[in-house]
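# Structural overview
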Amino acid sequence: MKKTLFLLVLILFFSNTLTAQRLLTSINSGWKFHQGDIDSQVNEINTENWEIVNLPHTWNVSDAFNETRGYYRGAGWYVKKLSAPMDWKGKRVFFKFEGANQTTELFLNGELIGKHLGGYTGFGFDLSNNLKYGEINTISVKVDNAHDGNIPPLRADYTFYGGIYRNVWLLVAEPIHFDLSNYASDGVFIDTPEVNEKKALVTVHGSLVNNTLDKKTVIIETTVIDKNNAVVANKSSKLVLGPNSKSEFSLENMEIHSPNLWSPDNPYLYKTITQISEDRKNSIILDKMVLPMGLRWFNFDDQNRFCLNGKPLKLVGASRHQDYKNLGNALTDDYHYNDYKHIKELGFNFVRLAHYPQAPEVYKTCDELGLLVWSEIPIVSGVTVSKEFSNNCIEMQKEHIRQTRNHPSVVLYGYMNEVIISLQFNRRLEEQDRQKTVNRIIELANQLDDLTKAEAPDRFTVMAMHHNTGYNEYGLTEIPDVVGWNLYFGWYYNTIEDLGKFLAEQHNMYPNQRMIVSEYGPGTDVRIHSTTPNATDFSEDFQYVMHASYLKQMMNLPYLAGFAAWNYADFGSSGRADAIPSINQKGLVNYDRSEKDVCGLYRAYFLNDPIIYIASRNFTLRTGIEQDKGTGICNDNVKIFTNQQEIELKLDGKVIGKKKVTDHEVNFNVPFNNGKNILTASDNNGHSDQVTIEYNVLPFHLDSGGVKDLAVNVGSDVSFYDPGTKVMWIPDRQYTEKSWGYIGGAPYTVQRRQLQTGVTQNILGTDCNPLFQTFVEGITGYRFDVPDGQYKLTLLFQEYNDPNGRNRLIYNLSTDDSSKDRKEREFDITINGEKAISKLNLERDYGSLRAVTFDFIINAENGKGIKVNFNPLSGVALLSGIRITCIP
Ligand code: GCB
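Described in the following lines is the structure provided in the data block. (Residues numbered from 1 in each chain as written. Predicted model: local features only at pLDDT ≥ 70, side-chain atom pairs only at ≥ 80, totals over all residues. Heavy atoms only, no water.)

### What about the overall build of the chain?
Within the chain, the secondary structure is distributed over 12 helices and 56 strands. Taking 888 residues into account, the globule formula puts the C-alpha radius of gyration at 29 Å, and the chain, at 31 Å, falls close to it. Dimensions along the principal axes, computed over C-alpha positions, put the chain at roughly 105 × 70 × 55 Å. In the chain, which comprises 888 residues, the share counted as buried stands at 60%. (Helix = DSSP H or I, 4+ residues; strand = E, 2+ residues; numbered from the N terminus. Rg over C-alpha atoms; globule rule 2.2 N^0.38 Å. Buried < 20%, exposed > 50% of the residue type's maximum accessible area, 1.4 Å probe, protein only.)

If you want it as structure tokens, here you go:
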């Protein structure tokens, strides 16, 4: 028996030498590219002055992030020469695109070969009938990312980068081959109709194409091998293929005993090798498809829990967008791989590929690493009531499923995200139209659900919904197998604790509903820290608070099948004006994948290896005010995330305390000294973590001297660190004697869904939005009671009145009308009694929403310190930031 197995393996491996088979080559390098449409016939394009680019490529790498609103959405052309050798004649030659956004037309030697709609699924064009063999051919590809009301997504909180942003492949197959025209799928499908600990049944099916003019008899054979290359199942059958025909095949119920089950802890992959050969002795292999296969089964139990291989498994994960700092969405495979590897390293077992099908590498990686996948098509925020739109959605879902269903990692297929949100925010819509749209959404959801179940009967369907009663009222929650709730309690609305209440209510109303929290998390900027974190301040501290509470609540709800944090990484969203413009900052990691401290919390929750993590990696330079005069010590909180029971903290080798851990977190009040402070946290088993914090302890009173640089984030209670200049802008305060602070006025706040400090508009001319977005309005003075000497004084301003209104993003859920009806302001500034600026009118002189900075060299004399006065001539004065540096 062993001998036969060995022989089979040998045959399989050496069979390569006996094959004709397909050629698969990437065609990524050296494309000629032109942004814009062309004004000539396609066969007359002159590419002489075109740029040369490599794929993956997008044309929106910079303009989606610059200060001008919007980004290029239109046509772009790519041209490439292709030499087609004579021996390709009679074979099938395909160009396969893994994805291009969003409509793609391919021309061969000037002739249109095909068009594909949709930016996130793969597609292929058959060039065989039009190629000039033995000659150089010209491939011209027009890609267009202009808005198209009939192609989803219509509107969403992410940037729709245009271009051929995924790999392109040339595929040359023998005249007899696996079907290449089945929605750009493998053409070979693996089903596992039965899997349990004792046995698995595997069925491999698909279609064969005979492009010859002859009737052919072929053998189709599948061999399943394990990781040691041992054959564990094999089946073959003979097929007679008519001339120029397509025939289906199915090799059913191959039995594998005691299968090695695939799971996040054991992502064991078998290989299925399916090949076509002619039915004669020593025949060569005509086509061969090697596909990884994972054997597992999953379901939801009667308590709505997700179960894998018979055991409940809470789905803990994150969503991920496919873009990256300075690359847009044009990522090579390694970037995709690294992201999912990182996600796995954070302790997750689940990913939501929001909001669209991702690159083939992603599914492959998830199979290999053991990440359970929710994959979806991008019907985001709304639909167009048109036949074309619905048809495009249906085609997209078919492509999506056929291209990904062989991946064992995929357990959930989704088709809509917050699909009624546009209705909620479109108050002008007539009732009749609203109803029409709702009806269409329901109809389309049902169609897509049926389609998904028909295409992938062994997966569950899912839809992501936002906090809105409409989903229950319209019956949308009853269509998919699983309801995903995108919930931002404590960020966009209500309080953090309302999360659990909402889920409990929903569970009481619909006790059989399977639920996943499919999004949650606050916007977070690692430059911002706060000792009083609150919603909308973008501090890392608020990110811990919100994630910690959500985690605790979600882990304690047994009927909640799982959750996915929004988002694994910060991502491009050109309409946003958060702390970093054009970026949605809800990531657990930054846009360049450097970690935010909250990653430590997830590791502590979900990894088994000992984790001790001092949450201060992005806050190692701190500034604070001496607690009591003359002590030189500043008490500050330090948070530690851990999966250990008890943690001891030392400062410079001296024990600060030892504390029991609750909910994976422990806090210490640390008496920091001016200068370097070494913190060491350890458990009782010798595991530890160490961080050095450079503390700048400011004296209780300024008049005693010693302050060289004092920068204040005026109108804000958060500190802002500018990594460019390395300046720490500390929280503001009202003036008290011998110290510093503002006089008159108040920090600007606006009541949106939450009370927000500052404006949520992009500030031009700076990388430091948070510094300028917050300010004191109505300010009359600012004082620093510093000793005599020469100083540089810097004043920071911006005018928030935007006469053109602003492009509101629905996800900001903001009702900011602060710019309405405000009088133009004009004010004088005096410094130590001397007029420094006359009639400053920011709007008139600089325009609104622009960072304006003034430096002054001044003297503090006669113990009077520095006094800045703001004297309004019209309206009230404001100030965004102030800094003094001592000139030695
Ligand atoms: C949502 C959307 C997602 C947004 C997110 C946010 O509910 O589904 O696309 O990016 O909120 O950050 O507001």
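### So, the pairing of strand β27 (residues 482–486)
Side chains on a regular strand alternate between the two faces of the sheet. Most of β27 is tucked away, with 5 of its 5 residues classed as buried. Covered by surrounding structure in β27 are Val-482, Gly-484 and Asn-486 together with Val-483 and Trp-485, the residues of both alternating faces. Where β27 and strand β28 (residues 514–519) come together, 5 bridges link them in parallel fashion. Within the sheet, the bridge partner assigned to Val-483 lies in β28 and is Met-515. Read from β27 through helix α8 (residues 498–509) to β28, the crossover connection turns out right-handed. (Pairing = 2+ DSSP bridges. Right-handed = clockwise from strand over helix to strand, strands pointing away.)

### Quick notes on the environment of Asp-785
Its location among the elements puts Asp-785 in the loop between β49 (781–784) and β50 (789–797). As a C-alpha pair, Asp-785 and Tyr-415 span 370 residues in sequence and 62 Å in three-dimensional space. Setting aside residues up to four positions removed in sequence, Asp-785 forms contacts with Leu-702, Asp-703, Tyr-735, Thr-736, Glu-737, Lys-738, Ser-739 and Gly-865. Of the polar contacts made by the side chain of Asp-785, one reaches the backbone nitrogen of Lys-738; its length is 2.8 Å. (Contact = heavy atoms within 4.5 Å. Polar contact = N/O pair within 3.5 Å; in protein donor to acceptor, adjacent residues only side chain to side chain.)

### Considering the pairing of strand β35 (residues 633–642)
Across the 10 residues of β35, 7 count as buried, placing the element largely inside the fold. Across 3 bridges, the pairing between strand β33 (residues 612–614) and β35 is antiparallel. In the strand pairing of β35, Ile-614 is matched with Ile-640. Sheet analysis places β35 next to strand β38 (residues 665–673), joined by 9 bridges and oriented antiparallel. Each bridged residue has a counterpart across the sheet, and for Asp-636 the counterpart in β38 is Val-670.

### Let's talk about the sheet that holds β38
Read across the sheet, 3 strands follow the order β33-β35-β38 without closing on themselves; strand pairing throughout is antiparallel. Two strands bound the open sheet, and with one partner strand each, they are β33 and β38. Taken pair by pair, the neighbouring strands of this sheet meet at an average axis angle of 30°, ignoring direction. (Axes fitted to C-alpha atoms, helices over the stretch in contact; angles between N-to-C directions.)

### Observations concerning the packing of helix α2 (residues 333–345) against helix α3 (residues 360–369)
Two quantities define a packed helix pair, namely the angle between the helix axes and the distance between the axes. Two elements in contact, α2 and α3, have axes separated by 9 Å at closest approach and are oriented at 35°. Judged by the sense of rotation from one axis to the other, the crossing of α2 with α3 is right-handed. Residues Asp-333, His-336, Tyr-337, Tyr-340, Lys-341 and Lys-344 of α2 form the contact with α3, whose own contacting residues are Glu-361, Val-362, Thr-365, Cys-366, Glu-368 and Leu-369. In terms of residue class, the contact of α2 with α3 is built from 5 nonpolar, 2 polar and 5 charged. (Left-handed = near helix turned anticlockwise from the far one by under 90°. Nonpolar A, V, L, I, M, F, W, Y, C, P; charged D, E, K, R; others polar.)

### Examining the sheet that holds β50
Within the open sheet, the 7 strands sit side by side as β29-β42-β43-β41-β56-β50-β53. Their pairing is mixed. Among the strands making up the open sheet, the edge pair consists of β29 (528–529) and β53 (852–860).

### A short note on the site of the ligand
Near the ligand there are 14 residues, and of these Asp-157, His-355, Glu-418, Tyr-492 and Lys-586 occur at the shortest range. At 2.8 Å, a side-chain N or O of Asn-584 approaches an oxygen atom of the ligand. In the model, an oxygen atom of the ligand is placed 2.5 Å from a nitrogen or oxygen of the Lys-586 side chain. Here the ligand, which alone exposes 320 Å², has 99% of that area covered by the protein. (Near = heavy atom within 4 Å. Areas by Shrake-Rupley, 256 points an atom, 1.4 Å probe, with all protein chains shown as cover.)

### A short note on the packing of helix α4 (residues 387–404) against helix α6 (residues 431–455)
Orientation of α4 relative to α6, taken along the N-to-C sense of each, is 25°, at an axis distance of 10 Å. One way to sum up the angle between α4 and α6 is to call them roughly parallel. Considering the relative orientation of α4 and α6, their crossing is right-handed. On α6, the residues that touch Lys-387, Phe-389, Ser-390, Cys-393, Ile-394, Gln-397, Lys-398, Ile-401 and Arg-402 of α4 are Arg-440, Leu-444, Gln-447, Leu-448, Leu-451, Thr-452 and Glu-455. (Parallel < 35°, antiparallel > 145°, perpendicular 65-115°, else oblique.)

### Regarding the packing of aromatic side chains
Tallied over the full model, the rule gives 48 aromatic pairs. Summarising the aromatic geometry, the rings of Tyr-520 and Tyr-550 are spaced 5.3 Å apart at their centres and angled 20° between planes, so their arrangement reads as stacked. Of the two residues, Tyr-520 sits in the loop between β28 and β29 while Tyr-550 sits in helix α9 (residues 540–555), which places them 30 residues apart along the sequence. Summarising the burial analysis for this pair, Tyr-520 and Tyr-550 share the class buried. Measuring from ring centre to ring centre gives 5.7 Å for Trp-566 and Phe-571, while their planes differ by 80°; the resulting arrangement is edge-to-face. (Phe/Tyr/Trp six-rings, centres within 6.5 Å; stacked < 30°, edge-to-face > 60°.)

### Concerning the environment of Ser-140
Relative to the helices and strands, Ser-140 resides in strand β9 (residues 135–144). For Ser-140 and Thr-536, which are 396 residues apart along the polypeptide, the C-alpha to C-alpha distance reads 47 Å. If sequence neighbours within four positions are ignored, Ser-140 has contacts with Val-42, Ile-45, Trp-77, Tyr-78, Val-79, Glu-105, Leu-106 and Phe-107.

### Focus on the pattern of salt bridges
Should the charged atoms of two oppositely charged side chains come close, the side chains can pair. This structure, assessed with the given rule, holds 43 salt bridges. With a closest N to O distance of 3.0 Å, Lys-660 and Glu-646 form a salt bridge. Residue Lys-660 is located in strand β37 (residues 654–660), and its partner Glu-646 is located in strand β36 (residues 646–651); the two are separated by 14 residues in the primary sequence. Lys-660 gets classed as exposed once you look at its relative accessible area, which sits at 62%. Close ionic contact of Arg-825 with Glu-777 constitutes a salt bridge, the shortest N to O distance being 2.8 Å. One end of the pair, Arg-825, is in the loop between β50 and β51 (826–831); the other, Glu-777, is in strand β48 (residues 776–777), with 48 residues separating them in the sequence. Accessibility assignment for this pair places Arg-825 and Glu-777 in one class, buried. Salt bridges sharing partners connect three or more residues here, namely Asp-157, Arg-576 and Asp-578. (Salt bridge = Lys/Arg side-chain N within 4 Å of Asp/Glu carboxyl O.)

### As for the environment of Cys-307
Inspection of the secondary structure assignment puts Cys-307 in strand β20 (residues 306–308). Judged by relative accessible area, which is 5%, Cys-307 ranks as buried. In sequence terms Cys-307 and Trp-297 are 10 residues apart; their C-alpha atoms lie 8.4 Å from each other. Filtering out sequence-adjacent residues up to four positions away, Cys-307 remains in contact with Trp-297, Phe-298, Asn-299, Asp-301, Pro-312 and Leu-313.

### What to know about unusual backbone geometry
Most peptide bonds take the trans configuration, and most residues that are not glycine carry a negative phi. For the bond from Pro-152 to Pro-153, the omega torsion is 0°, close enough to zero to count as cis. Of note in the backbone geometry, Asn-326 takes a positive phi value of approximately 65° without being a glycine. Position of Asn-326 relative to the elements: it lies in the loop between β22 (315–319) and α2. Exposure remark for Asn-326: the relative accessible area of 60% places this residue in the exposed category.

### Points about α2
For α2, with 13 residues, the first-to-last C-alpha span of 18 Å sits near the 18 Å given by 1.5 Å per residue. Burial in α2 covers these residues: His-336, Asp-339, Tyr-340, His-342 and Ile-343. For α2, the angular spread of the buried residues around the axis is 155°, confining them to a single face. In the core, the buried residues of α2 are packed alongside β23 (350–353), α3 and α10 (598–606). The first or second residue beyond α2 is Gly-347, which carries a positive phi of 105°. (Expected span 1.5 Å × (residues − 1). Arc of directions from axis to C-beta.)

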